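Below, each chain spelled out in residue letters.
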Amino acid sequence: MFIPLYDTNRLRHIKLQYVTISLIALNVLVYFVTALGGEDFANAAVLGLGFIPSVVHDSVELAPQFVVIPESLSYLTYSFLHADIFHLGGNMLFLWVFGDNVEDALGHVRYLVFYLLCAIAGAFFQGLVAWDSPVPLIGASGAIAGVVAAYLILYPRVKVWVLVFARIPLRIPAFIPLILWILFQIFMFAQGGEDQVSWACHIGGIIAGAVLVLVLRSRGVPLLAGADEEPAVVAGPVPVAVEPAPSDPQPAQPAPRWGRGTVSGPD
């Protein structure tokens, strides 16, 4: 549908989005470690670290050689695995464009908590929808969906550069592509879209992101903000005009006489 490229939204409360950068670096590192380890190693990582609803819900027992972590930790670990370079690249591009400003609005620690909770929510919703599914869930899409929802609530009027249909560059308000993206996820989930994409995970992340950003945003950070040159929507008292206090009366002054001579007082 669209590919985000860049937004015109500077950082206001932090100097560097080092949590976002660290998350991107960790995802890239995990991908290349698993990819370079060979097919067998990658498959073992998916089974051992991916979120498998039937295993988490004790419907199926995982083979002992693949048990590397407690099952409950897979609610998080799945989000750092990716199927291929395009899966990784798409998620990390969204995180790079939108994650820095969400981190700016929440603060470093709360943003990390926000990101991980959105990942957990994505897996949780997938588990509810496909309770006995033996298919591993992998990818950061649940967390990224939460970031997208938070950005939409925080900065809907900020202009972003996007590639529409991967061909047409446009600079448009963020709410246009982000609302369309969210509606597309909802539509595909309702229609039971292709099996290779967990639309339920996206929906879980969107819901979590929309709720959590209201709770975790830093004090004084407005909602529905625009670009730097536009006033933000901030609730506050309505300014009231106040008349100046009357000053002490001054003695009357003589009217000036206009002409070439000087002004003199009365005799």
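Residues numbered from 1 in each chain as written. Predicted model: local features only at pLDDT ≥ 70, side-chain atom pairs only at ≥ 80, totals over all residues. Heavy atoms only, no water.

## So, the sheet that holds strand β1 (residues 2-7)
Strand order in the open sheet formed by three strands is β1-β2-β3, and the pairing between neighbours is antiparallel. With partners counted over all chains shown, the strands left at the sheet margins are β1 and β3 (168-173), one partner each. Here the strands of the sheet are splayed against their neighbours by 30° on average, with no regard to which way each runs. Packed onto the sheet, helix α5 (residues 85-106) meets β1 and β2 (159-164) and runs at close to 40° relative to β1. (Pairing = 2+ DSSP bridges. Helix = DSSP H or I, 4+ residues; strand = E, 2+ residues; numbered from the N terminus. Axes fitted to C-alpha atoms, helices over the stretch in contact; angles between N-to-C directions. Contact = heavy atoms within 4.5 Å.)

## Re the pairing of β2
Because side chains alternate across β2, one face comprises the buried residues Val160, Val162 and Val164, and the other comprises Lys159, Trp161 and Leu163, none of which is buried. Pairing of β1 with β2 involves five bridges; the strand directions are antiparallel. By the bridge assignment, Ile3 is partnered in β2 with Leu163. Note that β2 and β3 share six bridges and pair antiparallel. Paired with Val162 across the two strands is Leu170, which belongs to β3. (Buried < 20%, exposed > 50% of the residue type's maximum accessible area, 1.4 Å probe, protein only.)

## Some details on the confidence of the model for the chain
Overall, the prediction assigns the chain a mean pLDDT of 86, with 83% of residues at 70 or greater. Contacts of residues 251-267 to residues separated by more than four positions or lying in other chains number three contacts, the stretch itself having pLDDT below 50. (pLDDT = per-residue confidence, 0-100.)

## Examining helix α1 (residues 18-36)
If you check α1, its first and last C-alpha atoms are 26 Å apart, about what 19 residues at 1.5 Å a residue would give, namely 27 Å. Looking at the packing, one finds that the buried side of α1 touches α2 (39-49), α5 and α6 (108-129). Looking one or two residues past α1, Gly38 carries a phi angle of roughly 100°, positive in sign. (Expected span 1.5 Å × (residues − 1).)

## Brief notes about the nonpolar core
Ranked by internal contacts, the top residues of the largest apolar core, which has 57 residues, are Leu95, Phe98, Tyr111, Phe114 and Tyr151. Of all the secondary-structure elements, those providing two or more residues to this core are α1, α5, α6, α7 (141-154), β2, α8 (175-191) and α9 (199-216). Among the elements that line this core, the one with the most residues is α7, at eleven residues. If we ignore the near neighbours within four places in the chain, the residues touching Phe114 are Val102, Leu106, Gly146, Val147, Ala150, Gly209, Leu212, Val213 and Leu216. (Core = buried A, V, L, I, M, F, W, Y, C linked by side-chain atoms within 4.5 Å.)

## Some words on α8
A rise of 1.5 Å per residue sets the reference length of α8, with its 17 residues, at 24 Å; its end C-alpha atoms lie 24 Å apart and thus fit the reference within 8%. Three or more residues of α8 are buried, namely Pro177, Leu178, Trp181, Ile182, Gln185 and Met188. Projected onto a plane normal to the axis of α8, the buried residues spread over an arc of 135° and lie on a single side. α8 presents Ala190 and Gln191 as exposed residues on the side facing more than 90 degrees away from its buried surface. Tucked into the core, α8 has its buried residues touching β1, α5, α7, β2, β3 and α9. Positive backbone phi, at 65°, marks Gly192, one or two positions downstream of α8. (Arc of directions from axis to C-beta.)

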